[in-house]
Amino acid sequence: MSIQNQFEQKKSKQNLELLKRIQELKKKKNAVILAHYYQEDSIQEIADFLGDSLYLAQQAARVKEDIIIFAGVHFMAETAKIINPKKKVLLPDLKAGCSLAESCPSKDFAIFKAKYPNAVVVSYINCSAEIKTLSDIVCTSSNAKKIINSIPKEKEIIFAPDKNLGAYLNKETGRKMILWEGSCVVHEAFSFEKILDLIKKYPKAKFIAHPESKSTILEVANFIGSTSALLNFVKNDNAYQYIVATEAGILHQMQKHCPGKLFIPAPIDDDTCACSECAYMKLNTLEKLYNCLVNEKPEINMNSDILNAARLPIERMLEIS
Ligand code: 13P
Ligand code: SF4
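Residues numbered from 1 in each chain as written. Chains lettered and ligands numbered in written order. Predicted model: local features only at pLDDT ≥ 70, side-chain atom pairs only at ≥ 80, totals over all residues. Heavy atoms only, no water.

### Some thoughts on the sheet that holds strand 4 (residues 88–90)
Item 1. Reading across the sheet, the four strands line up as 2-1-3-4 and stay open at both edges, with parallel pairing between neighbours. Looking along the sheet, the strands with just one partner apiece sit at the ends: strand 2 (49–51) and strand 4. With strand direction ignored, the average angle separating the axes of adjacent strands in the sheet is 20°.
Item 2. Here strand 1 (residues 31–36) runs beside strand 3 (residues 67–71); their pairing, made up of five bridges, is parallel. Bridged to Ala 35 within strand 3 is Ala 71.
Item 3. Relative to the sheet, helix 1 (residues 3–29) contacts strand 1 and strand 3, its axis offset from that of strand 1 by approximately 125°.
Item 4. Against the sheet, helix 3 (residues 53–62) contacts strand 1, strand 2 and strand 3, and its axis sits at roughly 150° relative to strand 2. (Pairing = 2+ DSSP bridges. Helix = DSSP H or I, 4+ residues; strand = E, 2+ residues; numbered from the N terminus. Axes fitted to C-alpha atoms, helices over the stretch in contact; angles between N-to-C directions. Contact = heavy atoms within 4.5 Å.)

Following this line, the structure appears as structure tokens:
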């Protein structure tokens, strides 16, 4: 057996052992695991609830268990804490941030917002709790169109922090929202030229993309949607090949639900790596998840004023969804 195979075998044995211990501890401590589709495969497999940002926020509002382990990034765990402040919310790695959330510092955003005193502020859930306190309503990529359409046509709207999603929504809804200039490093990294080459190479493949991608890329997509929408699309569609422009973690579920289909991760503008991975999401590992369950930390805690002020715009979103 090659050294590589021996290594893989050892790792999968260790993973099985960790999975068993996590299951036992979870029961003993009355904990629940919420995980996003961009998490590594083994974490997706052990999750009690696996989904996109909206689904995870909805589940966070409903959980009965005492401890929520959020296998995702910081803004997601923070949202779970805001919705359910009495629960203990743990994040396996506190450094699991988000480039999009970081692209919108609250002090700068407050100055920007002050320039448009009559505007309704819609913030994409990928932002800090401080930005949520400055927002009228939150949205995710699943419900963004619905949320925007719920705002009277004559109202001016500020949309933050994702300029790509904002531009896509402007096109879809016919609005002229004022956009904050933020973006996600993972979705901005896709190479338009390499995607066109792949489309030529696989003429029967459908090209599907997340709306955090740049407009040039969205223009050539056969389908655009949130991670859950992309997954549902490939499950129900009759094609057999797909080029997928979002974080590569989603391919695990696509392959699992559609074993007979071919999924090709969209390439990025970088010769060192074939597909786009979110370095923040991938900071969480099965081992860190186990340790955080053992030690009940790192825990998400925040200033109670921020916690309370950030709840209303999230609750408004949950009501409309
Ligand atoms: P959704 O899963 O809600 O589509 O969001 C994608 C994302 O970028 C999460 O960080
Ligand atoms: Fe943030 Fe982009 Fe990673 Fe999503 S994929 S968590 S938006 S950096």
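Next comes the rest of the description.
### Some remarks on unusual backbone geometry
Item 1. Following Ala 160, the chain continues to Pro 161 via a peptide bond in cis, the omega torsion being -5°.
Item 2. Of note, Pro 161 is situated in the loop between strand 7 (157–160) and helix 9 (163–173).
Item 3. For Asn 30, which is not glycine, the phi dihedral falls at a positive 55°.
Item 4. Note that Asn 30 resides in the loop between helix 1 and strand 1.
Item 5. In this structure, Glu 296 is a non-glycine residue whose phi angle is positive, near 55°.
Item 6. Structurally, the position occupied by Glu 296 is in the loop between helix 15 (286–295) and helix 16 (304–320).
Item 7. By relative accessible area, which is 23% here, Glu 296 ends up partly exposed. (Buried < 20%, exposed > 50% of the residue type's maximum accessible area, 1.4 Å probe, protein only.)

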